[in-house]
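# A look at the structure
Each chain, letter by letter, is given below.
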Amino acid sequence: MDWKPVLAAIEAATAPHIGSGKVADYIPALARVDPSKFGMAVVLGSGEMLTLGDSHEPFSIQSISKVFTLSMALRWFGESVWDRVGREPSGSAFNSIIQLENEKGIPRNPLINAGAIVITDMLVAASSADAVVNELIARLRRFSGDETIKIDEEVAESESATGSRNRALAYFMASFGNMNNSVEESLGAYFRQCAVRMSCRQLARAALFLAFDGRDPITREQMVSREYCRRINAVMMSCGHYDNSGDFAYRIGLPGKSGVGGGILAVAPGHGVIATWSPGLNAAGTSMVGAVALEELVEATGWSVFV
Ligand code: DON
């Protein structure tokens, strides 16, 4: 594919939108980011990388970390993951609590906060909070080939200091017996996984296995089985953007995951992985400019899974 016109079309489509949307301010340390940033990286199966803008600059991956912890949990525990968390779209905000009472403390899916907290709780119960976070960072470093990836401890602390809603979700699930560790221990790991800082280049590279049947095409390491890779992508398509998942599927048609730091990770099965970053968000917490960039990319490449 000739990428030059594709990248030019993405630049032209995004330019009028740069700075639009609202930067997340519910975590004070996230609110300080420059809203005019935009970066994008596309990594292909060959390892070739196409980039635009601030693709080097690390940002807080936030909820995008939920995809990596879900992959770890499916690898460690297999089908039993689904005893404690569902796989249906929630149609609700990322931090919503309302379904949890009716559904007896079983979160709708692993990509909303409640579901991701349960996934992290499973991982922590099998090791420890530190071990889970260290394993996550080690994998991200290994796959992006970059030893500098780390947790922004200030963001993690800021998140914990303002984490009443996540504590409410976790204690509510604990009351139904769906937490296996102390709430604080599992939340400590959850807050830290959200505070990992990575650039678009690192993120797209680290997730490349998701576009190639669970196997990293460069190192040839099988990260998750082919069956689970397919299913992680299915959950990303149906649940990756909370109550904006339908709109994202309609506009872009790729499995994706948003984070309130302004990142979007999108998987084009068989083609490659795309990471975008622009801090202005829509009401559901999806990056406005990132979604425009991805919309243009699928238009120009024909990479939507719906063609
Ligand atoms: O749990 C939280 O509030 C955040 N650390 C993560 C939320 C997030 O990224 C939602 N995504 N769009």
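Coordinates for the structure precede this section.
The structure reproduced in this document is the subject of the present report. (Residues numbered from 1 in each chain as written. Predicted model: local features only at pLDDT ≥ 70, side-chain atom pairs only at ≥ 80, totals over all residues. Heavy atoms only, no water.)

### Section: the environment of Gly 214
With respect to the secondary-structure elements, Gly 214 resides in the loop between helix H9 (200–206) and helix H10 (226–239). The sequence separation of Gly 214 and Glu 227 amounts to 13 residues, and the corresponding C-alpha distance is 8.3 Å. The residues contacting Gly 214, other than those within four sequence positions of it, are Phe 209, Glu 221, Gln 222, Met 223, Val 224 and Cys 229. (Helix = DSSP H or I, 4+ residues; strand = E, 2+ residues; numbered from the N terminus. Contact = heavy atoms within 4.5 Å.)

### Topic: the site of the ligand
In the vicinity of the ligand there are 14 residues, among which Tyr 26, Gln 62, Ser 63, Glu 159 and Tyr 190 approach most closely. Here a nitrogen atom of the ligand sits 3.0 Å away from a polar atom, N or O, in the side chain of Tyr 242. Contact distances for the ligand include 2.9 Å between an oxygen atom and a backbone N or O atom of Val 260. Counted by class, the shell around the ligand contains six nonpolar, seven polar and one charged residues. (Near = heavy atom within 4 Å. Polar contact = N/O pair within 3.5 Å; in protein donor to acceptor, adjacent residues only side chain to side chain. Nonpolar A, V, L, I, M, F, W, Y, C, P; charged D, E, K, R; others polar.)

### Quick word on the pattern of salt bridges
Within this structure, the stated rule accounts for 14 salt bridges. Here Glu 221 and Arg 142 are joined by a salt bridge, their closest N and O atoms 3.1 Å apart. Of this pair, Glu 221 sits in the loop between H9 and H10 while Arg 142 sits in helix H5 (residues 129–144), and the two are 79 residues apart along the sequence. Here the salt bridges do not stand alone but share partners, grouping Asp 130, Glu 153 and Arg 192 into one network. (Salt bridge = Lys/Arg side-chain N within 4 Å of Asp/Glu carboxyl O.)

### Focus: the nonpolar core
If you look at soluble globular proteins, the nonpolar side chains tend to sit buried side by side. Ranked by size, the top nonpolar core spans 79 residues in total, and within it Phe 68, Val 196, Leu 203 and Leu 210 carry the most contacts. At eight residues, the largest contribution of residues to this core is made by helix H4 (residues 113–126). Not counting the four nearest positions on each side in its chain, Leu 203 is found in contact with Phe 59, Ile 61, Ile 64, Phe 68, Met 198, Leu 265 and Ala 275. Ranked by size, the runner-up nonpolar core spans 24 residues in total, among them Ile 10, Ala 293, Leu 294 and Val 298. (Core = buried A, V, L, I, M, F, W, Y, C linked by side-chain atoms within 4.5 Å. Buried < 20%, exposed > 50% of the residue type's maximum accessible area, 1.4 Å probe, protein only.)

### Digging into the sheet that holds strand S8 (residues 272–277)
Taken in spatial order, the five strands of this open sheet run S2-S1-S8-S7-S6, and their pairing is antiparallel. The sheet terminates laterally at strand S2 (49–53) and strand S6 (256–258), the two strands that pair on one side only. Within the sheet, the average angular offset between the axes of one strand and its neighbour, ignoring direction, is 10°. Here S6 pairs with strand S7 (residues 263–268) via three bridges, running antiparallel. In the sheet register, Lys 257 faces S7, and the bridge partner there is Leu 265. Its contacts with the sheet put helix H12 (residues 288–301) on strand S1 (39–44), S7 and S8, and the angle it makes with S8 is roughly 150°. (Pairing = 2+ DSSP bridges. Axes fitted to C-alpha atoms, helices over the stretch in contact; angles between N-to-C directions.)

### Here we look at a positive patch on the surface
A contiguous patch of positive charge on the surface is contributed by Arg 87, Arg 226, Arg 230 and Arg 231. Considering the arrangement of structural elements, one finds Arg 226 in helix H10. (Patch = residues over 30% accessible without salt bridge, like charges linked within 9 Å, V, L, I, M, F, W, Y side chains within 5 Å. Areas by Shrake-Rupley, 256 points an atom, 1.4 Å probe, with all protein chains shown as cover. Lys, Arg positive; Asp, Glu negative; His and termini not counted. Charge placed at Lys NZ, Arg CZ, Asp CG, Glu CD.)

### A few points about unusual backbone geometry
A positive phi angle is found at Gln 62, which is not glycine, with a value near 50°. Relative to the helices and strands, Gln 62 is located in the loop between strand S3 (59–60) and helix H2 (65–77). Not every positive phi belongs to a glycine, and Lys 104 is a case in point at roughly 55°. With respect to the secondary-structure elements, Lys 104 resides in the loop between helix H3 (98–102) and H4.

### Considering the packing of aromatic side chains
For the structure shown, the criterion picks out seven aromatic pairs. On the numbers, 5.5 Å between centres and 70° between planes, the contact of Trp 3 with Trp 303 is edge-to-face. Taken together, the residues Trp 3 in helix H1 (residues 3–14) and Trp 303 in the segment after H12 connect sequence positions 300 residues apart. Accessibility classification places Trp 3 together with Trp 303 in one group, the buried group. (Phe/Tyr/Trp six-rings, centres within 6.5 Å; stacked < 30°, edge-to-face > 60°.)

### A look at the environment of Arg 220
Its place among the elements puts Arg 220 in the loop between H9 and H10. Sequence separation of Arg 220 and Phe 209 is eleven residues, and the distance between their C-alpha atoms is 9.0 Å.

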